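Fold and contact review
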Amino acid sequence: MIIDVTVNGVPRHLKSRSGDRLVDMLRKELKLLSLSPDCLQGRCGKCLVFMDGRIVHSCLVPAFKARATTILTFEAIAKNPEVKDIEKAFQITQTQPCPFCRSAKIMAIFDLLSRIPLPGEEDILEALDMVSCPCSDPLGLIQAVKLAAELRNKRKFSREA
Amino acid sequence: MLFASTIRSPFHRGRNAKVGIDALPKGYSAILAEDLPRHSLFPSFKDGIPIFASEQISYRGEALGLILGPDPGSCDELAAAARVECEEEEPEQEWESFSSSQIAYHYSAEYGDLEKMFVASSTELKEVYRNGIFDHHYSEPMGALSFWDKETLSVHCATQWPDDLRRRLSGALSLSEADIVVHPTEMGRTLDGRLWYPTIVAAQAAAASKISGKPVRILYTREEDFLHTTKQARSAVSIRSGSDDQGRLLALDIVILINIGAYNPLAPELVYQAASAITGIYSCPAIRIEAYAIRSNTIPLGAMGSVGATHAFFAIEAHMNNLAQRYSKHPAEIKALNILKKGQSTFGAPGLSADIPLDRIHRELQLVSDYPRKYASYELVKKRDPGCREGIVRGIALTLGYQTGRSFSEQSTMNSYSVEATLDRELKLLIKTQAAIGSEALKTMWRKTAAEILSIQEEHIRFLLPENTHSLPSGPMTLSRGSTVIQHLIEKTCRSIQKKRFRESLPLSAKARTRAPKASSSPEGLYPGAQLLDSASWCGTAVEVEIDALTGRPIPLAVWMVIDAGRIISMQTALASLRASTLSALALCTANDFDPASAGIDDYLADFNLRMRDLPDIHIRFIDPDRNGAAKGIGELPFVTIPAAFYSALTQALGLDPRQLPLKGGEILRLLEGS
Ligand code: FES
Ligand code: FES
């Protein structure tokens, strides 16, 4: 079947087979390399996309449900100054997610900070649970999110958070 | 480019496999064992490890061939449609009682008069401790891309040991090593899941591209990877101990069984490291060890997070706890009585000349974790409320362990690493080492070291890509074993450049390499453990656990680690690395036992990761981190100590010893209800 969907600002007619997940369709048809689906269970977050502005695990969305929606992947937000803040925070806190989940972790933090510019510990934990992995330093990640918020707020409102 | 899908055996065991394939569509072809030279990839392992199985099928899912073609989906369908026949044989799944044909490697050693010491003992205790199968949960999919570039074969593959991969391909495909370039691709935390298995997949892709003349890509799906590639080995360790009236060990009779599944070329290393670890913490005047790597008709099984040692530490620590129970003593008290100290001998080796800081670690750990008070109060709660009606089910335990910087394998290449460094006129340093496949965190640490020695800027230090360093031999990059050696070699080369710097003009180069210790060619000649201790980092870990009385789910509340790892170069990097490894190790303790016979992976994946809000407090303390001297690896420490501590804490919480890891909520609940 053909799915009409807008991906990263470009209207597309994408082929999908019955049973395909949104992540399969985006990878196969558009070769979007920021998506590296792993668990296919909504746990690892390596398939996070924005669907009509809401962050979703695209491995849990049937491809046909994407019909007439607007999808944004990491490729679309990568140049955003917010993303630069997050990358800088990773660098300063020496939090180095592996290359396979880096974009997913950035997506989750990007989403959190755009909803809650000054997130509390609980908000941060909830956001990071979307990209759960057993191999990154949890404290480092939390510090990185706090710092990213600080950098973002400083830049946006040119004052300390 | 051609895509390749794997034709797999539906049989657990059989001989003379025949693969039937209907006429393939245009552009598609099949490659089977008969199309390849009959060389084994790992000839030193028993009867070898084939690129594709044919004469002997060793496990269900073993690769028998490939379907090549332009569309990956169609390749999958054609591979699944292949018909496989063979002379089926009864699979050997039993491994705790095994036949001699199942022994892949056997190591035995004896020291002291065991029988006399057992006779002199006032208490004898015999238990068996079992460890399950775990997946490595690495992020990158298993796969390989191979193509010919004029006369050179290029192989892209996520491997921890590019040097060995190149050597194996050369032997199996009758190519000169000079004609093979291995490009290691990006890796996350592999936890030793990529030590040797990628060699098989890379060899398949290389053979296919040699035959087809085209680039060939093999990329496993997550499910394929889960079901058919290597995992942590199962183990069963039986310990019979004899001790005096105080609880001092007098005799240890140990049998270590490691189920390596269908095959594992590193079987000797697994066995030897396990035998060393089990005798490396406590002193005992008489010891007998029989250690076996046992084959069974299941997926290949092997190292995870530490090569062999986790099984051993888990068993010996659990045994010390049981011993404490027997003496109605505090486990810490019994351990303190037996801890190995400087000057003592392990396994008959000459008295240890290196400082063994276990005693100090043990004392500090008790202090920082408030262990004696907590242990006593949880015991009290259990006595007061045996059925846990008050709903407080908690336990705390501490364990000791170490990580070595050495390997014992007869394959001396495991121990040889080299580094070449060149400082140019602009004060830019180029470091050549195959270990540059290590993580960014490691490279940051190495940069820091070199920058300090040479007084240059960290940004001016570059690592040459591993594919350009084939002239420099290298052992594997395990969690931090290889990195410890590389750290040392980088220091050495930089110091040597620094020495020459004011006498000679730039550019200046220096090379350093390690060689396998001579004795490693015959492990039987070594005293287990003693050789390892000079390069060891030492660790004590305490874990506090609570059991959810409704679901039986064990929740780690806090982890304390006291570590002596020599000089710590970057505290921030060290702490981050340890916290991440702690999480991984805890995730293993709370994960399901992986069942290779099951067709699905959903259950296994279901609660693998700890949720962020369930994360325990992690407290880490280093002993004298600013001292002069060598920096040592730390990455394996959580893997060797946490399973044992977690398990022992669970034992205290439950009030009985389940003698196995992992334990799931349901099983814990049943044990609680029955207690
Ligand atoms: S692949 Fe979607 S959450 Fe893991
Ligand atoms: S999956 Fe990337 S750091 Fe864990």
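What you are looking at is a predicted structure, and each value in this text was computed from that prediction instead of being measured.

Bringing the sheet that holds strand β3 (residues 48-51) of chain A into the picture now. Residue and element names in this part refer to chain A. Taken together, five strands build an open sheet; the order of strands is β2-β1-β5-β3-β4 and the sheet is mixed. Looking along the sheet, the strands with just one partner apiece sit at the ends: β2 (10-15) and β4 (54-57). Averaged over all pairs of adjacent strands, the angle between strand axes in this sheet comes to 40 degrees, irrespective of strand direction. Bridge count between β3 and β4: four bridges; the pairing is antiparallel. By the bridge assignment, L48 is partnered in β4 with H57. Where helix α1 (residues 22-30) meets the sheet, its contacts fall on β1 (2-7), β2, β3 and β5 (70-72), and the angle it forms with β2 comes to roughly 100 degrees. Sheet strands touched by helix α4 (residues 102-115): β3, β4 and β5. Its angle to β3, the strand with the most contacts, is close to 40 degrees.

What follows deals with the environment of T230(B). All names here are of chain B. Along the chain, the position of T230 falls in the loop between α5 (222-228) and β13 (231-232). Each C-alpha atom, one on T230 and one on G261, is 8.7 Å from the other, the two residues being 31 residues apart in sequence. Beyond its immediate stretch of four places on either side in the chain, T230 contacts H136, G193, W196, Y197, P300, L301 and G302. For T230, the side chain forms a polar contact with the main-chain oxygen of P300, separated by 3.1 Å.

On to unusual backbone geometry, then. Note the cis peptide between L506(B) and P507(B), where omega equals 0 degrees. Mapped onto the secondary structure, P507(B) falls in the loop between α12 (481-501) and β22 (508-513). Positive phi values are uncommon outside glycine, yet N8(A) reaches one of about 50 degrees. Take N8(A): it is sitting in the loop between β1 and β2. Classification of N8(A) by relative accessible area gives partly exposed; the value is 23%. Located in the positive-phi region is Q94(A), a residue other than glycine, with phi close to 55 degrees.

What follows deals with the domain arrangement of chain A. All names here are of chain A. As far as domains go, chain A holds domain 1 (2-76) and domain 2 (78-157). Computed from C-alpha coordinates alone, the two centres of domain 1 and domain 2 are separated by 22 Å. Between domain 1 and domain 2, the residue contacts involve 16 residues of the former and 15 residues of the latter. At the boundary of domain 1 with domain 2, the tally comes to zero salt bridges. One can count six residue pairs in polar contact (both at pLDDT 80 or more) joining domain 1 with domain 2. Mapped onto the side of domain 1 that touches domain 2, the elements with two or more residues apiece are β3, β4 and α2 (74-77). Looking at the side of domain 1 that touches domain 2 residue by residue, the class counts come to eight nonpolar, five polar and three charged.

This part is about the nonpolar core. All names here are of chain B. Grouped together as the largest cluster of nonpolar side chains are 192 residues, with contacts concentrated most on W196, I239, I256, I278 and I563. In terms of residue count, helix α15 (residues 637-654) provides more of this core than any other element does, twelve residues in total. Here I256 is in contact with A236, V237, A274, A275, I278, I289, E290, A291 and Y292, once residues within four sequence places are set aside.

Right, let's talk about the pairing of strand β24 (residues 554-564) of chain B for a bit. All names here are of chain B. With ten of eleven residues buried, β24 lies mostly within the body of the structure. Relative to β24, strand β23 (residues 537-547) runs antiparallel, the two being bridged by ten bridges. Opposite G540, over in β24, you have V562 as the bridge partner. The hairpin formed by β23 and β24 contains six residues between the paired strands, and G552 there has a positive phi angle of roughly 85 degrees. The pairing of β24 with strand β25 (residues 617-622) spans six bridges and is parallel. Paired with M561 across the strands is I620, a residue of β25.

Strands belonging to one sheet form pairs held by backbone hydrogen bonds; the direction of such a pair is parallel or antiparallel. Residue and element names in this part refer to chain B. Taken together, six strands build an open sheet; the order of strands is β7-β16-β15-β14-β8-β26 and the sheet is mixed. Strands with a single pairing partner mark the edges of an open sheet, and in this sheet they are β7 (103-111) and β26 (660-661). Pairing of strand β15 (residues 249-261) with strand β16 (residues 286-295) involves ten bridges; the strand directions are parallel. Residue L252 lies in a different strand from β16, and its bridge partner there is I287. Sitting on the sheet, helix α7 (residues 309-326) touches β8 (123-131), β14 (234-243), β15 and β26, and the angle it makes with β8 is about 140 degrees.

About the criteria used
Residues numbered from 1 in each chain as written. Chains lettered and ligands numbered in written order. Predicted model: local features only at pLDDT ≥ 70, side-chain atom pairs only at ≥ 80, totals over all residues. Heavy atoms only, no water. Pairing = 2+ DSSP bridges. Helix = DSSP H or I, 4+ residues; strand = E, 2+ residues; numbered from the N terminus. Axes fitted to C-alpha atoms, helices over the stretch in contact; angles between N-to-C directions. Contact = heavy atoms within 4.5 Å. Polar contact = N/O pair within 3.5 Å; in protein donor to acceptor, adjacent residues only side chain to side chain. Buried < 20%, exposed > 50% of the residue type's maximum accessible area, 1.4 Å probe, protein only. Domains from an automatic or database assignment. Salt bridge = Lys/Arg side-chain N within 4 Å of Asp/Glu carboxyl O. Nonpolar A, V, L, I, M, F, W, Y, C, P; charged D, E, K, R; others polar. Core = buried A, V, L, I, M, F, W, Y, C linked by side-chain atoms within 4.5 Å.

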